[in-house]
Amino acid sequence: SGNSIQNASTGFSFDGVSASSAEGNSISDVGVGVLAISSTGLSFRSNFVANSSEPAFELIFSSGSSFSQCNVSNASAAFSFLGSSGNLVEDSLIDGASPAFSSSAFGSEARSSNTVLNSSFNRSAIYNDVESELAIKWYVRANATMYGVPVEGAFVNMTDAWGNYS
């Protein structure tokens, strides 16, 4: 935790690792920022990857990992999932990466299915092959008050950017 890694081919590499974590690291001018192969249950929090010539975070046959507050700036791809499912990216910021997310199956048995929650990125910078899915979700906290006093039992209606009511 709390490392600064620069000018390397790979910042962190996890191969067959289970239940490990990395927090508060700054990784820049690298090939792959974080590489996970055949790993499960990894936890990444408050990591920053900049200027990566390959994916900032690359998961190959890895599942059940979480990426919270992981920010990416200027990368060939922010997150690349190959045959990897059940991974969660949340509360993260991606700027200057195209694609922001890439999901690909590896054969018919290794499909990718992952979730992005409450993260900012260019929505047109997503690549999914036909065998993969990427769920993009947001959450909202609403506080209803009248004259500064909380309103009990208030009901909040919202619409998304396309006018869909929820």
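Residues numbered from 1 in each chain as written. Predicted model: local features only at pLDDT ≥ 70, side-chain atom pairs only at ≥ 80, totals over all residues. Heavy atoms only, no water.

Chemist: Help me out: how do you make sense of the overall build of the protein in this one?
Modeler: Secondary structure assignment for the protein yields zero helices and 15 strands. When burial is assessed residue by residue, the protein has 40% of its 166 residues classed as buried. Sequence separation of at least 24 residues holds for 28% of the intrachain contacts in the protein that already meet a minimum separation of 6. Total accessible area on the protein is roughly 8900 Å²; 49% of this is exposed by carbon and sulfur atoms. (Helix = DSSP H or I, 4+ residues; strand = E, 2+ residues; numbered from the N terminus. Buried < 20%, exposed > 50% of the residue type's maximum accessible area, 1.4 Å probe, protein only. Contact = heavy atoms within 4.5 Å. Areas by Shrake-Rupley, 256 points an atom, 1.4 Å probe, with all protein chains shown as cover.)

Chemist: How should the pattern of salt bridges be read in this particular structure?
Modeler: Where charged atoms of side chains with opposite charge meet at close range, the side chains can pair. Applying the stated criterion to the full structure yields one salt bridge. The salt bridge involving E131 is made with R111; its shortest N-O contact spans 2.5 Å. Of the two residues, E131 is situated in the loop between β12 (126-128) and β13 (133-137) and R111 in the loop between β10 (101-104) and β11 (113-117); the sequence distance between them amounts to 20 residues. (Salt bridge = Lys/Arg side-chain N within 4 Å of Asp/Glu carboxyl O.)

Chemist: Any chance you could explain the sheet that holds strand β2 (residues 21-23) here in plain terms?
Modeler: For sheets, the rule is that strands pair by backbone hydrogen bonds, running either parallel or antiparallel. Taken together, the six strands give an open sheet; going across it, the order is β2-β4-β6-β8-β11-β13, and neighbouring strands pair in parallel fashion. Edge positions in the open sheet fall to β2 and β13, since each of these has one partner strand only. Strand-to-strand twist across the sheet, computed as the mean angle between neighbouring axes with direction ignored, equals 10°. Both β11 and β13 contribute to a ladder of five bridges, which runs parallel. Of the residues in β13, the one forming a bridge with N114 is L134. (Pairing = 2+ DSSP bridges. Axes fitted to C-alpha atoms, helices over the stretch in contact; angles between N-to-C directions.)

Chemist: Hey, could you run me through the nonpolar core in this one?
Modeler: Judged by nonpolar contacts, the single largest core of 28 residues is most densely connected at F57, F67, V72, F79, I94 and F101. Those elements that provide at least two residues to this core are β3 (26-37), β5 (48-60), β7 (71-82) and β9 (94-97). Per-element tally for this core: the top contributor is β7, with five residues. For F57, the contacting residues outside a window of four places in its chain are V34, N47, V49, F67, C70, V72, A78, F79 and S80. (Core = buried A, V, L, I, M, F, W, Y, C linked by side-chain atoms within 4.5 Å.)

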